[in-house]
Amino acid sequence: MKNTFKLLPGLIFLLVAALCLNARAGSINIIQYGAKADGKTVNTKAIQKAVDECAKNSGTVIIPQGRFVTGTIYLKSNVTLYLEKGATLLGSLDSADYTRNAPATVKCMDTHSRNGKPKTNTSLIYAEDQDDITIAGEGTIDGQGDNKVYQRGDNGHDRPKLIFFISCRNVVIKDVLLTNSVFWMQDYLGCDGLTIQGIRVVNHANWNNDGIDIDSKNVRVSNCDIDSDDDGICLKSYLRDTPCENVTITNCVVASNCDAIKMGTPGAGGFKNIAISNCVVHASKYDNFRHWKTKDKFISADASMVNGISVECVDGGNTDGVVIDNITMHGVQTPIFIRVGNRNEKMNADTARTSGMRNLIISNIISDQLSRRTSSITAIPGSYIENVKLSHLMFDIYSEGTKEEAAAAVAEKDNSYPSPHSFGTSLPAYGFYIRHVKNITFNDVQFNMMHTDLRYPLVFEDTHYGTLNDVQIKASKGETRDILPVDLKVSGSTSLSIDHKSIN
């Protein structure tokens, strides 16, 4: 009996070890296949062998503590890539380590050139037509895009994305830190069932450093912290007649030097059933490429982003059913930019068609406005944005527009890239410029003027059935008053009212 008690601690240890081994059954540590954590050795073959082995019966590929360099990894069905705390997966500095991929399931401007030939399509982690794939853990994936070998300028050639998943189902990206991509950070094209949760992105290594790019359906993005040089969270729509749809984005913090939360471009298939809520937007503390204040003397802050919220559809698709609620924004040149255009960025086989947009609700927004590029809602002649409701908005406006700007005509720019910059340095309004819109409501809106601006608070051109309720202007000296018909610039518009009283 005494000997049994003496053996008991050892038996318990063996039992616990056995249980742990059983719990980790199906897991493969890349060290088992010869991976070296020296930050120099290219471990692509070792990591891919671990992925291939796990894919046979489903399992987890473990990236342990250390710095592991790799080229393209092909993630496969039923495999989780798990980065332990202290683990860093480093993108190779040799372009030859990134395999060129010609997607078989889709053909669009994201994957092919206008002549139909596949683009370079390189990425650090790649998957196409796979099921139940996951990237998770407390570690880091670092593309090393800040290295001089990849500094090739805006839209520079031969630069891999960090993650590129095409036509995959049930994708999970969770908890990891993603940083220093050579190009876009992550691109999810034509996927069904995508969850991005609790990740952190720091992406200021290169031009075109987006945070998250999504053209998929049934998507949930939550509790993420995104800091990017280019667009922060960007929904895209490459696939004709296939909208980016059923997307929720919530509880995220987004910093950007470009657009923080954006739909488009492109917009070939449009956007449908999009809900964005409870997010904080601010300018990034990193500004390695943009330097907006040096390019525009009317921007009143050292650090700023172009747009806080953008809804764009300019390539023949239709957008229907967008709700954006509870967003606070700081360091924004243009708080809200909504645009239907006729750019038609398309494959040669496509025929041109007109974009459309309807049923938008934007509410509970607090923002500053640091440029003369006013918030705007504009379509093009012959195509109207329909059914727009804006409520509970409060903007601190820092511009100092002139009478000349208030009187200036605004070119249509229907085939240009959608951006407030396409309209020049200013618009005739300091609050909202509205053109080619039907059925629009402003309710409980306040413009807080930090300086004197001689432009109009609101301009309506070719706008029909517009209602303003409880819209106020707080002058720079502190007086607050309700908006009056004399405050508006109206042309080619019908059925407009202020506080239930018709003005035309």
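Everything numeric here is computed off the predicted structure, so don't read it as measured data. (Residues numbered from 1 in each chain as written. Predicted model: local features only at pLDDT ≥ 70, side-chain atom pairs only at ≥ 80, totals over all residues. Heavy atoms only, no water.)

Participant: Hey, could you run me through the packing of aromatic side chains in this one?
Facilitator: For any pair of aromatic rings, the description rests on two quantities: the centre-to-centre distance and the angle between the ring planes. Counted under the stated rule, the structure contains ten aromatic pairs. Ring centres of Phe165 and Tyr188 lie 5.9 Å apart, and the angle between their planes is 70°; on these two criteria the pair is classed as edge-to-face. In this pair, Phe165 is assigned in strand 11 (residues 161-166) and Tyr188 in strand 14 (residues 186-197), connecting sequence segments 23 residues apart. Residues Phe165 and Tyr188 agree in their burial class; the two are buried. Taking 6.5 Å as the distance between ring centres and 85° as the angle between the ring planes, the aromatic pair formed by Phe442 and Phe460 counts as edge-to-face. A residue pair is termed long-range when its members are at least 10 positions apart, and Phe442 in strand 29 (residues 429-449) and Phe460 in strand 30 (residues 456-474) qualify at 18 residues. Relative accessible area serves as the criterion here: at 1%, Phe442 is assigned to the buried category. Through a chain of ring-to-ring contacts, three or more aromatic side chains come together here, namely Phe395, Tyr430, Phe432, Phe442, Phe447 and Phe460. The ring of Phe164 carries Lys161 above its face, with NZ or CZ at 3.7 Å from the centroid. Sitting over the ring of Tyr384, Lys438 keeps its end group 4.5 Å from the ring centre. (Phe/Tyr/Trp six-rings, centres within 6.5 Å; stacked < 30°, edge-to-face > 60°. Helix = DSSP H or I, 4+ residues; strand = E, 2+ residues; numbered from the N terminus. Buried < 20%, exposed > 50% of the residue type's maximum accessible area, 1.4 Å probe, protein only. Lys NZ or Arg CZ within 6 Å of the ring centre and 35° of its normal.)

Participant: Just to check I follow, could you spell out the pattern of salt bridges for this structure?
Facilitator: It is possible for side chains of opposite charge to pair when their charged atoms get near one another. Evaluation of the coordinates by the stated rule reveals 21 salt bridges. Ionic pairing is found between Lys293 and Asp302, a salt bridge with its closest N-O pair at 3.3 Å. A network of salt bridges, in which partner residues are shared, links Asp110, Lys161 and Asp187. (Salt bridge = Lys/Arg side-chain N within 4 Å of Asp/Glu carboxyl O.)

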